[in-house]
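# Structural overview
What follows is the residue order along each chain.
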Amino acid sequence: AFEAVQATLTNQPTFQNGSGDTQNGHPMLRWDGNDILTTLGNVTLGPLSVFVVYNATEEGYIYVHSPNVNVNNGSYIYTETGASYSVRRSGAEGFEDLTTGWGQVATTRVLTHQYNGTVATHSLFLNGVLQVPGTTGPNEPGIVSASDVFSIGGRSADGVLRITGNFAEVIAYNDYLNEAQ
């Protein structure tokens, strides 16, 4: 298990436990557009299943598994159109593009991002419903593992596109899980 941390006090999300700030009676952490949490060590993901319980009101990264997935191996979920979720392995990126503002809703949602080496196995579920992309990236990145930092709420290398919203849970598995698992 890895812990995500932030040493700079002004970039730490805040604990929310008041009325309207909980999910199923449990507290959430609030990101204010300046916050980001990053693992202390590298997380290795080949095939992947990432589960997130969140809400967001502005454009930003929900998670990024890489300091900069534009040039390094990794994966991410982005709350806007223009490669909404992506996986990059060995320099090849496979991305899926959803509609404008798809992830910027103040309502709490459950996201599942899965990948098992091909565009056909690259999917995003929103509250259990498979999202159908408008555009699909042309590459088959393969199943090579990526080992790097895992950030919640923004990109660790430069802090680009930090999110505004709440997170209740983020779980990443180095496996392509099926319904029985």
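For the structure given in this document, a descriptive report is provided here. Keep in mind it's a predicted model, so treat the numbers as computed, not measured.

Our next topic: the overall build of the chain. In terms of helices and strands, the chain carries zero helices and 18 strands. Against the 2.2 N^0.38 benchmark of 16 Å for 181 residues, the chain shows a C-alpha radius of gyration of 15 Å, consistent with a compact globule. Buried residues in the chain amount to 46% of all 181 residues. In the chain, the share of contacts with a sequence separation of at least 24, taken over all contacts with a separation of at least 6, comes to 65%. A distance of 4 Å separates the average location of the 6 positive side-chain charges in the chain from that of its 16 negative side-chain charges.

Estimated volume of the largest pocket: approximately 270 Å³. Taken together, 15 residues line the largest pocket, and the ones lying closest to its centre are F2, T39, F150, V170 and A172. Contributions of two or more residues to the lining of the largest pocket are made by strand 6 (43-45) and strand 18 (164-173). Broken down by element, the residue count for the lining of the largest pocket peaks at four residues, all from strand 18. Of the residues assigned to the lining of the largest pocket, the class counts are eleven nonpolar, three polar and one charged.

This part takes up the pattern of salt bridges. Two side chains of opposite charge can pair, provided their charged atoms sit close to one another. For the structure shown, the criterion picks out two salt bridges. With a shortest N-O distance of 3.1 Å, R88 and E93 are connected by a salt bridge. Taking the relative accessible area as the measure of exposure, R88 reaches 12% and is therefore buried. The class of E93 is buried, set by a relative accessible area of 16%. Across the salt bridge formed by D158 and R155, the nearest N and O atoms sit 2.7 Å from each other. Among the residues examined, D158 registers a relative accessible area of 42% and is labelled partly exposed.

Across soluble globular proteins, nonpolar side chains show a tendency to be buried alongside one another. Grouped together as the largest cluster of nonpolar side chains are 24 residues, with contacts concentrated most on Y54, I62, I77, L111 and F167. Of all the elements in the fold, those that place two or more residues in this core are strand 6, strand 7 (48-56), strand 8 (61-64), strand 10 (85-89), strand 12 (109-115) and strand 13 (123-126). Tallying contributions element by element places strand 7 first for this core, with five residues. In contact with Y54, not counting residues within four places along its chain, are I62, W102, G103, T107, T108, R109, L111, N166 and F167. Core analysis: the next-biggest nonpolar cluster, separate from the first, contains six residues, V64, V69, Y76 and Y78 among them.

Another aspect to go through is the packing of aromatic side chains. On inspection of all chains with the given rule, the structure shows six aromatic pairs. Ring geometry for Y61 against Y76: centres 5.3 Å apart, planes inclined by 75 degrees, an arrangement best described as edge-to-face. Here Y76 lies in strand 9 (residues 74-78) and Y61 lies in strand 8, a separation of 15 residues in the sequence. Residues Y61 and Y76 agree in their burial class; the two are buried.

Here we come to the sheet that holds strand 9. Here eight strands make up an open sheet; going across it, the order is 1-5-17-8-9-10-11-15 and the pairing antiparallel. In this open sheet, the two edge strands, each paired with only one partner strand, are strand 1 (4-5) and strand 15 (135-136). In this sheet, strand 10 lies alongside strand 9 in antiparallel orientation, the contact comprising four bridges. Bridged to S75 within strand 10 is V87.

This next bit is on the environment of I171. Within the secondary structure layout, I171 lies in strand 18. Between the C-alpha atom of I171 and that of I36, which follows or precedes it by 135 residues, the distance is 16 Å. In contact with I171, other than residues within four places in its own chain, are S49, V50 and F51.

Rules used in this analysis
Residues numbered from 1 in each chain as written. Predicted model: local features only at pLDDT ≥ 70, side-chain atom pairs only at ≥ 80, totals over all residues. Heavy atoms only, no water. Helix = DSSP H or I, 4+ residues; strand = E, 2+ residues; numbered from the N terminus. Rg over C-alpha atoms; globule rule 2.2 N^0.38 Å. Buried < 20%, exposed > 50% of the residue type's maximum accessible area, 1.4 Å probe, protein only. Contact = heavy atoms within 4.5 Å. Lys, Arg positive; Asp, Glu negative; His and termini not counted. Charge placed at Lys NZ, Arg CZ, Asp CG, Glu CD. 1 Å grid on protein atoms, 1.4 Å probe; cavity = no way out; pocket = protein on both sides within 12 Å on 5 of 7 lines; lining within 4 Å. Points joined across faces, edges and corners; volume = space filled by probe spheres on them. Nonpolar A, V, L, I, M, F, W, Y, C, P; charged D, E, K, R; others polar. Salt bridge = Lys/Arg side-chain N within 4 Å of Asp/Glu carboxyl O. Core = buried A, V, L, I, M, F, W, Y, C linked by side-chain atoms within 4.5 Å. Phe/Tyr/Trp six-rings, centres within 6.5 Å; stacked < 30°, edge-to-face > 60°. Pairing = 2+ DSSP bridges.

Shape is all these values report; function is a separate question.
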